[in-house]
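Notes for the structure review
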Amino acid sequence: MEPRILTISFLTTLALILSPVSSSTTVTQQNTYSTFVKTSCSSATYPSACRKSLLPYAATVQTNPLKLATVALSATLNTANTTLSTITKLSKTKQITNWEAAVLKDCIGDIKDSMDEVKSSINEINGISTSANKRFAISNAQTWTSAAITDENSCLDGFSEGQINPTVKKKIRNSIVNLARVSSNALYLINHLSV
């Protein structure tokens, strides 16, 4: 398949996974699903961020840990896309120095790498039901998600090496910290999958 078709197919799947609560879901079911998400998030690395990013999709997740992990990874991908947009906009402003532009360019590469790794993790999780070696698929998803977190942190590392505009640094740091929290929560949920 061509990359464009794969992207459209991937985005369509992502939209279906991340579609908000169905009107046909009963209140009792919704409460059960919400309780499942809250309970699953209660021991996550960042419980509040976990609940905030995943509760809107409780009806989609229902009480399925694999769906929860997939939705968490999809939320990570959405957050990474927002972060990439923020950093790209900052890199195009005329007020930044050449050094800042270079750091932002590296950061953009790190976030794109992170997004590719999250997509690979989603593919691993989506393939678990048909996998002959489910533990291996989970291990691969853990590895891809850990690599994504490493790339996210690499973006921040570039800002510690020299002077950077404090406003730019704060915007980037806030965006990356938010992304790292969502990613860490996804990894937590993957780590607690049992097959």
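These lines cover the structure that appears in this document, whether it is placed above or below. Just so it is clear, the model here is predicted, and its values are computed rather than measured.

Examining the state of the cysteines
Considering all chains together, one arrives at two disulfides under this definition. Residue Cys41 pairs covalently with Cys50 via a disulfide, S to S 2.0 Å. Because the torsion about its S-S bond is -65°, the bridge between Cys41 and Cys50 counts as left-handed. Classification of Cys41 as buried rests on a relative accessible area of 0%. The exposure class of Cys50 is buried, given its relative accessible area of 0%. For Cys107, the disulfide goes to Cys155, at an S-S distance of 1.5 Å. The sign of the S-S torsion, about -70°, decides the handedness of the disulfide formed by Cys107 and Cys155: left-handed.

Some remarks on unusual backbone geometry
You will see that Gln62, though not glycine, has its phi angle at about 55°, which is positive. Tracing the backbone shows Gln62 in the loop between α4 (58-61) and α5 (65-91).

Section: the side chain of Ser34
Residue placement: Ser34 occurs in helix α2 (residues 27-41). When its relative accessible area of 14% is taken as the criterion, Ser34 is described as buried. In this structure, Ser34 is in contact with Leu55 and Ala58, ignoring residues within four places of it in sequence.

So, the nonpolar core
Of all hydrophobic cores here, the largest spans 50 residues; its most connected members are Leu54, Ile87, Cys107, Ile111, Ile125, Phe159 and Ile172. Broken down by element, the residue count for this core peaks at 11 residues, all from α5. Excluding anything up to four places from it in sequence, Leu54 contacts Val37, Cys41, Leu68, Val71, Ala72, Ala75 and Leu189.

Notes on the environment of Leu73
Its location among the elements puts Leu73 in helix α5. Judged by relative accessible area, which is 0%, Leu73 ranks as buried. In this view, Leu73 contacts Val118, Ser121, Ile122, Ile125, Thr145, Ala186 and Ile190; residues no more than four positions away in its chain are not counted.

Quick look at the packing of helix α6 (residues 98-126) against helix α8 (residues 166-191)
Two numbers describe a pair of packed helices, the interaxial angle and the distance between the axes. Between α6 and α8, the shortest axis-to-axis distance is 13 Å and the interhelical angle comes to 20°. Classified by the angle between their axes, α6 and α8 sit roughly parallel to one another. In this structure, α6 crosses over α8, and the sense of that crossing is left-handed. Residues Leu104, Cys107, Ile111, Ser121 and Ile125 of α6 form the contact with α8, whose participating residues are Ile172, Ile176, Leu179 and Ile190.

Rules used in this analysis
Residues numbered from 1 in each chain as written. Predicted model: local features only at pLDDT ≥ 70, side-chain atom pairs only at ≥ 80, totals over all residues. Heavy atoms only, no water. Disulfide = S-S within 2.5 Å. Buried < 20%, exposed > 50% of the residue type's maximum accessible area, 1.4 Å probe, protein only. Helix = DSSP H or I, 4+ residues; strand = E, 2+ residues; numbered from the N terminus. Contact = heavy atoms within 4.5 Å. Core = buried A, V, L, I, M, F, W, Y, C linked by side-chain atoms within 4.5 Å. Axes fitted to C-alpha atoms, helices over the stretch in contact; angles between N-to-C directions. Parallel < 35°, antiparallel > 145°, perpendicular 65-115°, else oblique. Left-handed = near helix turned anticlockwise from the far one by under 90°.

Structural measurements only, silent on function.
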